[in-house]
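Below, each chain spelled out in residue letters.
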Amino acid sequence: MSISRPITRLLRRPLVGATSSTPAFTTPIARSFSSTPASFKKPTIREITPPLARYTDEELAILKEKYTPEQLQSLLMGEETIDHEHFLARKGRAPKDPYKLRYLTDLSKMDPVWDFPPPEVLAEDPHATQPLPKTEFDQNKYFPMEEAGEGELDYKELSKQLGMPEKQLKGLYVKKLDMHRVVNQTRLGKIRKMYCLYVAGNENGMVGIGEGKSSESEDAARMAQKNAIKNMVPIQRYMGRTVHGDMEVKIGAVEMKVMARPQGFGVRCSERIWEVARAAGIKDLSVKVTRSRNPMNVVKTFMYALQSQKLPETIARGRGIKLADVRSAYFGASA
Amino acid sequence: MSLVNLAHVCSHLQNASLRRLGTTSIPSTKLHLNLMLALQAQGFLSSVTRGTPNGPDPEFTETNNDNIAQRRIWVGLKYLDNEPVLSEMGLISKPKQRIWMGVEDLETLAKSRDCKYVKGARPGEAIFLGTDRGIFEIREAIERRIGGQLLCRAR
């Protein structure tokens, strides 16, 4: 019940009535709340027509439970000041929620569709019970490994040498980065060979590069793959996704800026560095190669950069101070 | 406040670290002494001693007009796993362009963000400032809410 309601009525009523010159509040037009004797009251329309019952007895009983008699009396008296038509057309005030739904659902009533669970539909899928066709190939049967073919790695031998399971070896990310012809000039003449550069990594912090040289390109590739897998070393990553801080690395004529990047940035760099970063499992990185872009030297320089990172823990140990990673200290992120 | 001499000191400490020297000496000035003490407080140096070109003083020797030309500051360098603790050191303010910064800009630098053509501090990097209250590391200066001239950075 708004407190401003009776006042507006007080102000509005004279316009409807005949006496326009008299101020609105000189005569009590609205019904006074006090127990003024009826003889003092001005005769109004409401008194002529008997007041309409606004609440049924049942409703009043409920209200009595909720309010004390004094409260209820004052409420009822307050509501009496409201026109009967207005009272019947009263609405609940919508809460000021800009994001609320644009419709009102009356949840007090049962919806014949939404309030009942859907009837169970019997699954009649003829394909579900159809037997699988019989094939010659049995997946569960063990097939011995065939001998390594041409240009293919002998995983069995490599597994023995490295002590790494064959399955793990096959799961590595191995990619050719460079292959070109090299020539050695001897007194017998030019000896031509193929040079090959491979990267291998488990995409989770282990990466290595390998070179191979042979008169046959396939042999060179095989050697390079083998060397790459053998040369795999663990590298440090910040939060398993980027490098520890920015670096500027120079080897020979290759100069590069390796920059740590925020989560979700991606790897933005040249193609061979991208391959190495993928093999190492680096997800957010930016690399700018500023001088020579010789493919082989770029890859070697990037590998050097990854391995020559200065870890915060090492710095703290060397300086005898405590470095706290805010991310892990306050937000519980794993470094 | 000679930045030229400070540049020489920075280069000398880098070179000494590359050669894996245990101790080395630098010219004795108030600026150098205070900076070396700040470096030691940050854990970059193991010791800071006054001395002569022959070596650190075995006992306290007063600096006077007679021996002032022979005064040096001897510092002990630190290594961990055969890697120098102080591997990079260089000027920020140059003799031709000195850079002063207020606290807000220092905070930006300390957050590894570039500010006023100065590269932000990398993880584990210390930036030293010359203020009217002495030489401070950037984080100390921010804590005390004082700005100053950016002298050098060490890592």
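Residue indices begin from 1 for each chain and proceed along its sequence in written order. Whichever chain is written first is A, and whichever ligand is written first is 1; the rest continue in order. Confidence filtering applies because this is a predicted model: local features only for residues at pLDDT of at least 70, side-chain atom pairs given and counted only at 80 or more, and all residues used for totals across whole chains, interfaces and linings. Neither water nor hydrogens contribute to the side-chain values; these are computed over all heavy atoms in the structure.

**Considerations on the overall build of chain A**
Quick reminder of the rule: Going along the chain from the N terminus, every DSSP run of H or I of four or more residues is numbered as a helix, and every run of E of two or more is numbered as a strand. Throughout, exposure labels follow a simple rule: accessible area from a 1.4 Å probe, protein chains only, divided by the maximum for the residue type, with under 20% read as buried, over 50% as exposed, and the rest as partly exposed. It only takes one pair of heavy atoms within 4.5 Å for two residues to be counted as in contact. Only the protein chains shown count as cover for residues, and the accessible areas themselves come from Shrake-Rupley with a 1.4 Å probe.
Scanning chain A from terminus to terminus reveals twelve helices and eight strands. Put simply, chain A has 335 residues, and 25% of those count as buried. Excluding contacts between residues fewer than 6 apart, the proportion of contacts in chain A whose partners are at least 24 apart in sequence is 56%. Just so you have it, chain A exposes about 25200 Å², and 55% of that area is on carbon and sulfur atoms.

**Re the interface of chain B and chain A**
To keep it simple, the criterion reads: Buried area is a sum: the accessible area each of two parts loses on coming together, probed at 1.4 Å, counted once for each and added. Criterion for a salt bridge: a side-chain nitrogen of Lys or Arg within 4 Å of a carboxyl oxygen of Asp or Glu. Identification of polar contacts relies on pairs of N or O atoms within 3.5 Å, with a donor-acceptor requirement for protein atoms, meaning one able to donate a hydrogen and the other able to accept it, and with residues adjacent in sequence counted only if both atoms are side-chain atoms.
At the interface, 14 residues of chain B touch ten residues of chain A. Across the chain B to chain A interface the summed buried area is about 1000 Å²; carbon plus sulfur atoms make up 52%. The largest contributions to the chain B side of the interface with chain A come from Leu80, Gly124 and Arg155 of chain B, which together make up 41% of the buried area. Joining chain B to chain A, the criterion identifies one salt bridge. We note a salt bridge from Arg317 of chain A to Asp81 of chain B, for which the minimum N-O separation is 3.6 Å. Remark: the boundary between chain B and chain A carries four residue pairs in polar contact (both at pLDDT 80 or more).

**Description of the packing of aromatic side chains**
Residues and elements named next belong to chain A. Definition in use: Aromatic rings from Phe, Tyr and Trp, with only the six-membered ring used for Trp, were paired whenever their centres fell within 6.5 Å, and each pair was classed as stacked if the ring planes differed by under 30 degrees, edge-to-face if by over 60, and tilted otherwise. For a Lys NZ or an Arg CZ to count as sitting over a ring, it must be within 6 Å of the ring centre and within 35 degrees of the ring normal.
Applying the stated rule across the entire model yields one aromatic pair over all chains. Residues Tyr55 and Phe87 carry aromatic rings whose centres are separated by 5.9 Å and whose planes lie at 90° to one another, so their mutual orientation is edge-to-face. With Tyr55 in the loop between α2 (45-48) and α3 (57-66) and Phe87 in helix α5 (residues 84-88), this pair connects stretches of sequence that are 32 residues apart. The exposure classification of Tyr55 matches that of Phe87, with both residues buried. Taking NZ or CZ as reference, Arg261 lies 5.4 Å from the ring centre of Phe265, over its face. The ring of Phe265 has Arg268 lying over it, and the distance from NZ or CZ to the ring centre is 4.1 Å.

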